Structure formats: C-alpha cells, structure tokens
Protein chains: 2
Amino acid sequence: MGNTKLTAHKTQKPALNGALLGEVACDVDGVLSSYFKDQLSRADQHFSHHRLWENYQTVIMAGGKRLRPYLVVLGYLAGGGTYNEAIIDVATAWELLHQAMLIHDDIIDRDYIRRGVSNVSGLYRRQYKVPSDHTIDVGHYADSAALLAGDLGISGAYQLMINSDFPAEKKLLITQTFGRAIERVVMGELQDTEAALEPIGTANARLIAELKTASYSFVGPLVSGAQLAGVNEVTIAQFEKFGDALGIAFQLRDDWLGLFGDSLATGKSIDSDVQEGKQTLLVEYAYERATSVQKKILEHIVGKLDATPEEVDEVREIVTASGGKAAVEALIDQYTHAAQTTLHAMAIDSDAKTMLDALSERLLQRQN
Amino acid sequence: MGNTKLTAHKTQKPALNGALLGEVACDVDGVLSSYFKDQLSRADQHFSHHRLWENYQTVIMAGGKRLRPYLVVLGYLAGGGTYNEAIIDVATAWELLHQAMLIHDDIIDRDYIRRGVSNVSGLYRRQYKVPSDHTIDVGHYADSAALLAGDLGISGAYQLMINSDFPAEKKLLITQTFGRAIERVVMGELQDTEAALEPIGTANARLIAELKTASYSFVGPLVSGAQLAGVNEVTIAQFEKFGDALGIAFQLRDDWLGLFGDSLATGKSIDSDVQEGKQTLLVEYAYERATSVQKKILEHIVGKLDATPEEVDEVREIVTASGGKAAVEALIDQYTHAAQTTLHAMAIDSDAKTMLDALSERLLQRQN
C-alpha cells in the first residue's frame, strides 16, 4: 500500500495534540479505501467475490473509533518513530483484524446489526434470494458468507502487515506479536461464549477482560508500534503492563455501560448483556455479595433471552444494592490509575506520553 | 519448531521414491505433535483453552493424506532444496491451514463427522452440557467453538511459516503466496456455497475447482516450496500451470468419486453431493446435454435434502446417459495429461520430476 498518500500530513510531524486520533482515523480510512478498491477491482469478473468485498467495506466504513490504529501509532511515536505511511499500513492491519474478529463475534452472538446498521451477515440476509422451489435457511448461508469474510480479514491483516515498508526482520517480529494477540482474543472469546453454558458466578470475568480486550486491543497494538520504533525490552514490558491495566479498565467500563449506560450514546441496548447471560464482573461481584433471595433472582433473569426491561431493571437494582456496581467502579478507577502510574515512569517520547495519559483519562470518563 | 527431530532421516537425503509421501507425512505429524504439545502446555491453566487445542489435535491427527505438505517438499526438492526441518515446518503450516479450512467448511456444510470420526464441532456437541434450567442451542455453541478453532488455525499456520528457519526475505515471499492461496480458496468456497442458492446449471464449476482446489491445494504448496529453493520466474510460472491443471483434474475426480465412487473406499456417501445441491461439472454437463424431461428430473432432485437413494440413482443414470459422465472423464484425462506435458518440459531436479509424474498418475487413478 506504499503508494497511499497520507491525507493529513505528507512528510512533516503531525500535530501532537488531541487531533491526532482523528488524523490517524482519516489516514487509516485512506489505506482501507485503497485496500478495498484494489480487492474490488481484482474481483471485478466475479459477482460473488465483488459482493463480499463490498459488504466488508460497507461495514468497516460504517464507523468505529480506530482505537487500535491510534495505539499502534502512539507506540511508534513513543519509541521515537516518525509518523509515516508505513506505520499507517501496520495500524490499518490491526483495524482490519479487529473487523474480522467483530464479524466472527457477531456470528457467535447471532447479531445482525452493529452500530445501528447491518453487519456482513445482516447485509447478506437481505441480498440472498431463495429459489422458490427450495426450502433453504438463508440465515445459515448469510452466516457462512460472513464466516468466510472474517477469514479473508484475518489473512488480509497479516498481508497488510507483511507488505508494509519496514525491514523484514522487524515485520517478522511484529507479526509474532500479532499472532499472540489473535490467540489471546480468540481464547477470550471462547471463554466468554462458554460462560453462558456455566452456572452464574463461575466464569472468570477478569481473565476474559484481559484476554478479550487488554491483550488484543491495547497491549498488541502498543507493543507492535513500539517494536517497530526499536524500543528496549524494559519499555516493551512497561507497555504490556500499561496496556493490560488500561485494557481491563476499558472492558470493565464497557460492561458498566452495557448495564448502566445511555443507550442513545452507546448505540447498544442496556438489556441485551443480561439477556445473553454475559458473565461480567458486575454480575459476578453482585452475585458474590447478594442475599440468597437476590441470588435466586439473578439466576432466574441472567441468561433469560426473553427477559423484560422490568426484569433487567431488577438485575440493575441488585447489582447496585449489593455493592457490585460500586466495587466495579472502584476497580475501573484503580486499573486506570495503575496504568497511569506505569506510564509516568516510562522513558518514552514526552508528547506520546501526554497523549497516552489523556487517552487513559478519556477512556475512564467515556459515555460510549 | 526448530528443535523437532525428523523421524525418518536426520540430515541425509531421503530415499527419493514412492516412500517419500509417507516420510513427509510422518515428519509433518511430528511437527504437529510438538506444536500441539506446546499449545496444550501453555493452555494448562485454562480448561477451555486446553479443550480447544485437544479437540483440534484429535481431528488433525485422525488422518488425511498430507498431500499439501508433500507438494511443498516436492516443490523444494524440484528447485534443488535439501530435505530438512525448515521445509517440514513450512509444509506443516499448509496442513494446519488446510485443517482450519476444513473446520470452517464443515460449519458451512453442517457436517459433524469427517473421515468417519467427529470433527471439532462434533466433539463439542458431545462435550457441552446445558444447564437444566436453560434452553440453549448447544449446536450453535459447538459451531462457535469450531469457528474460533479455525481462526486459531489460520493464524497458527501463518506463525509456523514465519517461525521456520529460512531467511526473512524468503519467508515474507512465501507468506504472500500463502495469502493469495487463502484468498482464492475462500472465494472458491463462497462460490461453491452460493451455487446452492442458484438455479441448476448456472454455477461455474470449473472456476470453483480452480479456486477451491487447484490454487490452494496444488499451486500454492508447490510454488512456496519452489520459492524457498530459489527457482526462477519461468519455473514458478510452469509450476502454476502444472498445479492448476493437476488441481482441476483432482477436483473433477473428487466430484466423480462423489457420485460414482465406492463409498467404502472414499468413506463418503455417494448421495450427499446431489442432496446438498452441489453444482459439479458432472451435473452442469449433464444438464447441458439433457432432454427437457431429464432437465426437469435434475431440477427436482439436485438440492433436495431428503432425496432417496433411488432418486439419486436417477440422477446418476441421467449423468451417464446424457454423456456428462464420459465428458468429465475425458476432461480428467485431458487435464492430467496437460499437467504432465508441462511437467516434462520443466528444468527441475529429475528425481522430483519423476515423483511429481508418479503423483499425477496416482491421482488420476485414485479410488479415494
């Protein structure tokens, strides 16, 4: 993708301020655009290939914070790297992977909508027409196409990384980091999925947060950026510690917003986590602290697919009354401050440090 | 995986004869064993991670011809490479990828058995226990776990390749070849899947064979082996031509066995391709050549999930009577001989050439 022009700043150092996230997002979207343009033109002869790439593009361009690419760039700047096209290619690889994981995640969660618009499976559900003389489960075919799209995304992300303009040895190094992150997020997703089959209070919500979010959304991007900049092992270890703490705080905040958030701001129902039986730390803590009557209510409602808003309100009340809510809020604070303490001790570029600090603060306060 | 000992031959040249396929299979299985041992020991603390790797291992060790690894090795020997641990690591990466693709393929085809034993989803279907107070679709959870296992396989295959003991630049080169093969097999699978939604006779069976089998099972492995040996562009292009022709012959033979084979030898039902509505070249040719009465029968039975053996017999008779069977048999011959003609003109190691020639002959005659 070396011929992509950075939209915001060609060769000079970007403005190191709050605007960087937006600039990274813009440049990543530029690389994504040429990636899909390339795929679509190669698929031109084949209707079904073309449609798959089109659906993928529609979904990835529908939005997203581009948080992982931003962290790749901050890791790189932190280690003394200069903002350039190559780092944006690597950052884009993380975004492409993330979308692939979301596509597979949605199949598992049987979601056909994301951020208010149809996801890949949702698009196929509308596009596939069934021959009138056949009894065909269109949803299964749509999920199958989405499964395949996710496979292309995983492999495509590896390719973007491998084709970025960095020395071969460095690319191999960050590709290993990438593989470890994939392994961890997949295992986190597996544990999260299997938790719905287990009795309430037995899942390890903290481990799930660590695997599913911290290692893959924070540690991996930061470390790969820092590795490309050539930082030493001490700094890598500090980035791991920082990313781990911040990622757990992020996931806990996510769980909190999933139960107590403003669904207008988050774009997500605040009932679905309970209905799907998600074993969040909120539920785990509430269950540990609940009276036996409250325990029975939690057991009855958490994981009840057709739980009413009133029933979910009951869960919310128990989570609050039992002290589970306050305990998780304290934990979010604690992890965020642990992350910041680690950060402050790091010997990295001071502008990057300031931006990482501001990001921690913003994630702590976020409403969506 | 550099510490794996080759079982058959440590440092000397292997016996270049019919025994090589068995020796490659044995050495690949050795690398797979240490791969899974490593994964299992790292997953030791986590029951669900451990179970996933165990299920993956059970399935991959249940059998398979190890054809793709054999082709990687032959491509390498053809270009003057010496049989060693590094090439076996790369060969194993192709096998791991193949298994990942089969796992996802089985989810799409709703198969829970492969080679007579449970596949990953099949194993999970038995292992998952549902809490008595929940109404849960266990099959969906089993498919979800299998989906995640396939994701790990794709990424794990990339990692095996990247960690093999070859120079960095060469690894990047074959990783690109790997990515192209993945893209093509996924697109072939998509077309194959979508064919079931289309009227009979409208799918492009030859293109599906090329994408789904030739590019990924033949061209990719041969070319990556040859690239590691450092052959020139002319030889690469010849390998592409040879692999493409042989792969199409292989897929056509596969379709033929799926309708006219001996299910005791193949281990597969000879009714299921018709029931699932597979748009093979046999069906396509028969439909083109059929009378209007025969066309109606084909339209009725192909894709009828509950078609009886007698109904599938009717399809077989039409495929034979219309000349579709003979036409496909002629095509298998034609592609095989085109492959051999290309092969004979190649400037490669003569022992490897002899083995590739013998392999073409064997694939042409194969009963399973």
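Parameters and conventions
- Residues numbered from 1 in each chain as written.
- Chains lettered and ligands numbered in written order.
- Predicted model: local features only at pLDDT ≥ 70, side-chain atom pairs only at ≥ 80, totals over all residues.
- Heavy atoms only, no water.
- Helix = DSSP H or I, 4+ residues; strand = E, 2+ residues; numbered from the N terminus.
- Rg over C-alpha atoms; globule rule 2.2 N^0.38 Å.
- Buried < 20%, exposed > 50% of the residue type's maximum accessible area, 1.4 Å probe, protein only.
- Areas by Shrake-Rupley, 256 points an atom, 1.4 Å probe, with all protein chains shown as cover.
- Lys, Arg positive; Asp, Glu negative; His and termini not counted.
- Charge placed at Lys NZ, Arg CZ, Asp CG, Glu CD.
- Salt bridge = Lys/Arg side-chain N within 4 Å of Asp/Glu carboxyl O.
- Core = buried A, V, L, I, M, F, W, Y, C linked by side-chain atoms within 4.5 Å.
- Contact = heavy atoms within 4.5 Å.
- Axes fitted to C-alpha atoms, helices over the stretch in contact; angles between N-to-C directions.
- Parallel < 35°, antiparallel > 145°, perpendicular 65-115°, else oblique.
- Nonpolar A, V, L, I, M, F, W, Y, C, P; charged D, E, K, R; others polar.
- pLDDT = per-residue confidence, 0-100.
- Buried area = accessible area lost by both parts, 1.4 Å probe.
- Polar contact = N/O pair within 3.5 Å; in protein donor to acceptor, adjacent residues only side chain to side chain.
- Least-squares fit on C-alpha atoms with pLDDT ≥ 70 in both.
- Expected span 1.5 Å × (residues − 1).

An account of the overall build of chain A is requested, with residue identities and associated values reported.
In terms of regular secondary structure, chain A is built from 16 helices and 2 strands. Relative to a compact globule of 368 residues, whose C-alpha radius of gyration would be 21 Å, chain A shows 21 Å and is just as compact. Across the 368 residues in chain A, those meeting the buried criterion constitute 61%. Counting every atom, chain A has about 14000 Å² of accessible surface; 51% of that belongs to carbon and sulfur. Once the 34 positive and 49 negative side-chain charges of chain A are each reduced to a mean point, those two points are 3 Å apart.

Can you break down the pattern of salt bridges residue by residue, with the values?
Scanning the model with the defined rule gives 30 salt bridges over all chains in all. Across the salt bridge formed by Glu 311 of chain B and Lys 304 of chain B, the nearest N and O atoms sit 2.8 Å from each other. On the accessibility criterion, Glu 311 of chain B (15% relative accessible area) is buried. One connected set of salt bridges, linked through shared partners, spans Asp 29, Arg 66 and Glu 95 of chain A.

Could you give an account of the nonpolar core, with specific residues and numbers?
Grouped together as the largest cluster of nonpolar side chains are 256 residues, with contacts concentrated most on Trp 53 and Phe 239 of chain A together with Trp 53 and Phe 239 of chain B. Non-local contacts of Phe 239 of chain B, meaning those with residues more than four positions away in its chain, are made with Gly 75, Ala 78, Leu 222, Val 223, Ala 226, Met 346, Ile 348 and Leu 356 of chain B.

For the packing of helix α2 (residues 47-60) of chain B against helix α4 (residues 85-109) of chain B, give the residues involved together with the corresponding values.
All names here are of chain B. Their axes nearest at 11 Å, the elements α2 and α4 cross at an angle of 100°. Classified by the angle their axes make, α2 and α4 are roughly perpendicular. Contact with α2, carried on its side by Tyr 56, Val 59 and Ile 60, involves Glu 95, Leu 96, Gln 99, Ala 100 and Ile 103 of α4 and no other residues of that element. Here the residues of the contact of α2 with α4 are counted per class, giving 6 nonpolar, 1 polar and 1 charged.

Mind laying out the packing of α2 of chain B against helix α6 (residues 138-162) of chain B, listing which residues take part and the relevant values?
Residue and element names in this part refer to chain B. Where α2 meets α6, the axes come as close as 11 Å, and the angle between the chain directions of the two elements is 75°. Compared by their axis directions, α2 and α6 come out roughly perpendicular. Of the residues in α6, those in contact with Leu 52, Trp 53 and Tyr 56 of α2 are Ala 145, Ala 149, Leu 152 and Gly 153. Each residue belonging to the contact of α2 with α6 can be placed in one class, and the counts come to 6 nonpolar, 1 polar and no charged.

Requested: an account of the confidence of the model for chain A, with residues and values cited.
Here chain A averages 91 in pLDDT, while 94% of its residues score no lower than 70. Taken over the whole predicted complex, pTM reads 0.93, whereas the ipTM for its chain interfaces reads 0.93.

Which residues make up the interface of chain A and chain B, and what are the values?
With 58 residues of chain A at the contact, the number on the chain B side is 58 residues. For the pair chain A and chain B, the two sides together bury roughly 5300 Å², of which 66% comes from carbon and sulfur. When the buried surface of chain A facing chain B is broken down by residue, Leu 148, Leu 172 and Leu 197 of chain A rank first, second and third, together holding 12% of it. Inspection of the region where chain A meets chain B yields 6 salt bridges. One salt bridge connects Arg 110 of chain B with Asp 137 of chain A, and the closest N-O pair in it is separated by 3.9 Å. Linking chain A with chain B are 20 residue pairs in polar contact (both at pLDDT 80 or more). Mapped onto the side of chain A that touches chain B, the elements with two or more residues apiece are α1 (20-42), α2 (47-60), α4 (85-109), α6 (138-162), α7 (168-195) and α8 (205-229) of chain A. If one sorts the elements of the side of chain A that touches chain B by residue count, α7 of chain A sits on top with 16 residues.

If you had to explain the relation of the copies chain A and chain B to someone new, which residues and values would you point to?
Overlay of chain A on chain B (RMSD 0.0 Å): rotation 180°, translation along the axis 0.0 Å. Put plainly, the chains are arranged around a two-fold axis. Relative to the rotation axis, the C-alpha of Ala 168 of chain A is the closest in chain A, positioned 2.9 Å from it.

Go over helix α16 (residues 350-365) of chain B with me, naming the residues and quoting the values.
Residues and elements named next belong to chain B. Taking 1.5 Å per residue, 16 residues should reach 22 Å; α16 reaches 23 Å between its end C-alpha atoms and fits that length. Residues of α16 that are buried: Ala 352, Lys 353, Met 355, Leu 356, Leu 359, Ser 360, Leu 363 and Leu 364. On its buried face, α16 sits against α1 (20-42), α3 (67-78), α8 (205-229), α9 (233-260) and α15 (324-344). Near the N-terminus of α16, the side chain that reaches the backbone nitrogen of Asp 351, with its oxygen 3.1 Å away, is that of Asp 349.

Quick one: what's the story with helix α12 (residues 281-289) of chain B, residue by residue and with numbers?
The buried fraction of α12 of chain B is high, at 7 of 9 residues. Close packing links the buried residues of α12 of chain B with α8, α9, α13 (292-301), α14 (309-321) and α15 of chain B.

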